[in-house]
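This is what each chain is made of:
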Amino acid sequence: MRYYSTRSKSKPVSFASAALSGLAPDGGLYVPESIPQYPVSVKNSLSAMDLPDIAFETIRPFVEGEIPAPVLESMVHEAFSFAAPVVPVGDRLVLELFHGPTAAFKDFGARFMARAFSYLRRGEDKPLHILVATSGDTGGAVADGFFKVPGIRVTILYPYGRVSSLQERQIAGLGANIRAIAVEGSFDDCQRLVKAAFRDKSLMKRESLSSANSINISRLIPQILYYAAAAGKAFSGKTDPDAEATPRKAGFPVSHLTSTACPVTFCVPSGNFGNLTAGIYAKEMGAPIRRFIAATNINKTIPDYLSSGYYEAQPSKATISNAMDVGNPSNFERLQAQFSFEKLRNLLEGKSVSDTETKRSIASVYESYGYFLDPHTAVGWSASDSFRNEQPLIVLATAHPAKFAPLVEPLTGVIPVPASIQKSQSRVPDAQRICAELPALLEVL
Ligand SMILES: *Cc1c(COP(=O)(O)O)cnc(C)c1O
């Protein structure tokens, strides 16, 4: 598969080059030159395949000729060693994407990207140095994904005092090849410093620098697999009502939905729209999907675009679903380069949700079904309210509610803490603190 920039089709590159460079030289994002199809045999057995097998079939055509099948096979078994159950909650299904090590869906992308980078850099004597800025969730997933991956060093910049204590432990508690830098400033300062470091000629000469931010195509591709897996299950009436470690209060009756043999509608809590872009790829590959609800908080640039036809980037507004506080979603450029407005309008329904509605959903879903929603998933739940006649209807759960306990617990009861979060909580954060100036960063690098 070759990849071209969203800004020009003239110089397609390999998967390795698209993944390792992140952004195209013209500033565009890489997109695959075509979207492959699942073989019929795979399409017909999605509901019977396990997650690593679906991952293998999903990723293979995107890396053909660059990552040999046996290597890919072991990569996907290592990367996707946790479950993604489809759990019935009331009249809907919830796809739980928070059973990975950092309890958020970003584990899927980060864990594959880390292994892909390590393989693509094999035989290089200089380690690859990944420099990334985070406002919270991405940092944890990237740190965990690359932890102890051979040939790779990671430096993560985060705003000092502005991430939660759990997030800080996930970013700065690992050690080994992961280094954390606490910047005295905001997330924007962290991003500015990373960008400035990439422009520093002497640093670039000395180090093999790369970034691992959310626009990287190697993070997007593995996200396709859970849509295919969940759609396959729901289509054939198979769900996971007894999934282990589901955040549900004991004693509530669990509904058992039966087969509908209808394609699935997914409701996707969205910020930068990477997750939703992967969902569209899954549909294009042939997974049994009807369409998508693009759920946002009040940062509703995309819902506005879908209703008016005009795209207008906005400054981001702070909400309680802060991983979705994006006023100019970077993956919009990908969607626009690959799909016409008419096609997007057929594929997507936009819906924006206020903080008040988000909290109301957290409280009411707990009261009715004993199920805990995190604030991001609650945006999705709320947005899906008006689409309950489109069954099967699957809401993506993008983070574990225990990650946001101070916000959720006053609306519910005490949330059971999963082992992954307990493990991070027991770590001691260790970061270097710097002022928000390039010379300070260069000094510690
Ligand atoms: C990153 C994130 C999102 C938004 O995902 P996009 O791919 O940026 O749309 C939603 N929920 C959680 C918990 C996240 O961490």
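Preceding block: the structure.
The model shown is predicted, which means the values in this text are computed figures rather than measured ones.

1. Quick notes on the site of the ligand
Around the ligand lies a shell of 15 residues, among which K106, G271, N272, F273 and T398 are the nearest. A distance of 2.8 Å separates an oxygen atom of the ligand from a polar atom in the backbone of G271. The contact in question runs from a nitrogen atom of the ligand to an N or O atom on the side chain of T398, over 2.9 Å. The protein chains hide 95% of the 380 Å² of surface that the ligand would expose on its own. When grouped by side-chain class, the residues that make up the shell around the ligand number 6 nonpolar, 7 polar and 2 charged.

2. Regarding the packing of helix α16 (residues 355–369) against helix α17 (residues 375–384)
Two elements in contact, α16 and α17, have axes separated by 8 Å at closest approach and are oriented at 85°. Considering the angle they form, α16 stands roughly perpendicular to α17. Along the contact surface, α16 presents E357, T358, S361, I362, V365 and Y369, while α17 presents P375, A378, V379, W381 and S382. Looking at the contact of α16 with α17 residue by residue, the class counts come to 7 nonpolar, 3 polar and 1 charged.

3. Remarks on helix α6 (residues 137–146)
The buried fraction of α6 amounts to 10 of the 10 residues, a majority that puts the element mostly inside the structure. On its buried side, α6 packs onto α5 (106–120), β6 (128–133), β7 (152–159), α7 (165–172), β8 (178–184) and α10 (217–220). Just beyond α6, the residue with positive phi is K148, at close to 65°.

4. Here we look at the pairing of strand β2 (residues 8–13)
Bridging between strand β1 (residues 3–5) and β2 involves 2 bridges; their strand directions are antiparallel. Each residue of the ladder has a partner; that of Y3, found in β2, is V13. Taking the residues between adjacent antiparallel strands as the criterion, β1 and β2 are bridged by 2 residues.

5. With respect to the sheet that holds β7
Spatial ordering of the open sheet is given by β9-β6-β7-β8-β14, a layout of 5 strands whose pairing is parallel. With one partner strand each, in any of the chains shown, β9 (208–210) and β14 (431–435) form the two edges of the open sheet. Geometrically, the sheet is characterised by an average inter-axis angle of 25° between neighbouring strands, direction not taken into account. Pairing of β7 with β8 involves 6 bridges; the strand directions are parallel. Pairing of L157 across the sheet is with I181, part of β8. Against the sheet, α5 engages β6, β7 and β9, with an angle of about 140° to β7. Against the sheet, α6 engages β6, β7 and β8, with an angle of about 165° to β7.

The rules we used
Throughout this description, residue numbers start from 1 for each chain and increase along the sequence as written. Where local features are concerned, this predicted model is filtered to residues with pLDDT of at least 70; where side-chain atom pairs are given and counted, the filter is 80 or more; whole-chain, interface and lining totals use all residues. Excluding hydrogens and water, the side-chain values take into account all heavy atoms of the structure. In this text, near means that some heavy atom of the residue lies within 4 Å of the molecule or strand in question. Contacts described as polar in this section are N or O atom pairs within 3.5 Å, which, within protein, must combine one atom able to donate a hydrogen with one able to accept it, while residues neighboring in sequence count only if both atoms come from side chains. In these tables, accessible area is a Shrake-Rupley quantity obtained with a 1.4 Å probe, and a residue counts as shielded only by the protein chains included in the view. Classes in brief: Ala, Val, Leu, Ile, Met, Phe, Trp, Tyr, Cys and Pro nonpolar; Asp, Glu, Lys and Arg charged; the others, Gly included, polar. Only C-alpha atoms enter the line fits that serve as axes; for helices the fit covers just the stretch in contact. Angles between N-to-C directions range over 0 to 180 degrees. Put simply, DSSP H or I for four residues or longer makes a helix, DSSP E for two residues or longer makes a strand, and each gets a number counted from the N terminus. These descriptions rest on fixed angle ranges, namely under 35 degrees for roughly parallel, over 145 for roughly antiparallel, 65 to 115 for roughly perpendicular, and the rest for oblique. In this analysis, two residues are considered to be in contact whenever any of their non-hydrogen atoms come within 4.5 Å of each other. Note on classification: 1.4 Å probe, protein chains only; a residue is buried when its accessible area is under 20% of the maximum for its type, exposed when over 50%, partly exposed between these limits. Strand pairing is assigned whenever DSSP identifies at least 2 bridges connecting the two strands.

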